[in-house]
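Below, each chain spelled out in residue letters.
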Amino acid sequence: MKAGENVTEFDDVYIRHFNYVYKYVLSLCRNQTIAEDITSETFLKALKRIGDFKGECKMQIWLCQIAKNTYFSYRKREKKRADYTEECELSYTEDFERKFSDREKAFEIHKALHKLEEPYKEIFTLRLFGELSFSQIGELFGKTESWARVTYHRAKLKLREVLL
């Protein structure tokens, strides 16, 4: 089988099974953005491993198995990232609270925050002053909770660089 034929056949697999796999992933995560990402990643993995498919089960079952494993790997990464972010957040929050107790330092923090570019400034403000959850912030921006966590963490790092 020539490489071009293989890609054409895989295009057919993609077209035929995309909706089924997407709906399966959506039932696992209940988030359209994450489901789209996982489904795309599933088909990339399947394309790389199409030679491993032996035909012992239906193609959509094989694809859903890849999707399930991809989703669980995603969740494991997100949990590690959330744990790390939470750990960092506690230490940074305590540090920022101490600095806010001193008016002069508080003014320095506000000046640094004012200079911060978007979306870092808004994410930081919504989280610290607006007391919004990461999922609420993600929803406001049309992004994922993890995106909000990472962006908030980056904003804190940028502020810390300016303040130190």
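Residues numbered from 1 in each chain as written. Predicted model: local features only at pLDDT ≥ 70, side-chain atom pairs only at ≥ 80, totals over all residues. Heavy atoms only, no water.

*Asks:* Would you explain the overall build of the protein chain in this entry?
*Replies:* Each helix and strand in the protein chain was counted, giving 7 helices and 0 strands. When the elements of the protein chain are put in sequence order from the N terminus, they spell out α-α-α-α-α-α-α. Split into buried and exposed, the 164 residues of the protein chain put 34% on the buried side. Put simply, 60% of the contacts in the protein chain that link residues at least 6 apart link residues at least 24 apart. Only carbon and sulfur atoms are counted for the fraction: they give 51% of the accessible area of the protein chain, which is about 10900 Å². (Helix = DSSP H or I, 4+ residues; strand = E, 2+ residues; numbered from the N terminus. Buried < 20%, exposed > 50% of the residue type's maximum accessible area, 1.4 Å probe, protein only. Contact = heavy atoms within 4.5 Å. Areas by Shrake-Rupley, 256 points an atom, 1.4 Å probe, with all protein chains shown as cover.)

*Asks:* When you look at the pattern of salt bridges in this model, what are you seeing that I'm missing?
*Replies:* Two side chains with opposite charge may pair up if their charged atoms get near one another. Evaluated as defined, the whole model comprises 3 salt bridges. The partner of E41 in a salt bridge is K45, and the shortest N-O contact between them spans 3.6 Å. Of the two residues, E41 and K45 are both situated in helix α2 (residues 32-48); the distance of 4 residues between them amounts to about one turn of the helix. A relative accessible area of 26% means that E41 is categorised as partly exposed. Where K158 meets E117, a salt bridge forms, and the shortest distance between an N and an O atom there is 3.3 Å. Here the residue K158 occupies a position in helix α7 (residues 145-163), and E117 occupies one in the loop between α4 (103-115) and α5 (120-128), the gap between them amounting to 41 residues. Look at E117 and you get partly exposed, because its relative accessible area is 40%. (Salt bridge = Lys/Arg side-chain N within 4 Å of Asp/Glu carboxyl O.)

*Asks:* Explain α7 to me, please; I cannot follow it from the model alone.
*Replies:* One turn of the α-helix equals 3.6 residues, which is why residues spaced by three or four share an orientation. A rise of 1.5 Å per residue sets the reference length of α7, with its 19 residues, at 27 Å; its end C-alpha atoms lie 27 Å apart and thus fit the reference within 8%. Those residues of α7 that sit buried are S146, A148, R149, T151, Y152, H153, A155, K156 and L159. (Expected span 1.5 Å × (residues − 1).)

*Asks:* Looking at this structure, I do not really get the side chain of T144. What am I missing?
*Replies:* Mapped onto the fold, T144 is located in the loop between α6 (134-141) and α7. Engagement of the side chain of T144 in a polar contact is seen with the backbone nitrogen of W147, the distance being 3.0 Å. Excluding residues within four positions of it along the chain, T144 makes contact with T33, I34 and G138. (Polar contact = N/O pair within 3.5 Å; in protein donor to acceptor, adjacent residues only side chain to side chain.)

*Asks:* I tried to follow the environment of I34 on my own but got confused; where do I start?
*Replies:* Structurally, the position occupied by I34 is in helix α2. A sequence separation of 40 residues divides I34 from Y74, and the C-alpha atoms of the two residues are 9.3 Å apart. Residue contacts for I34: discarding those within four places in its chain leaves C29, Y74 and T144.

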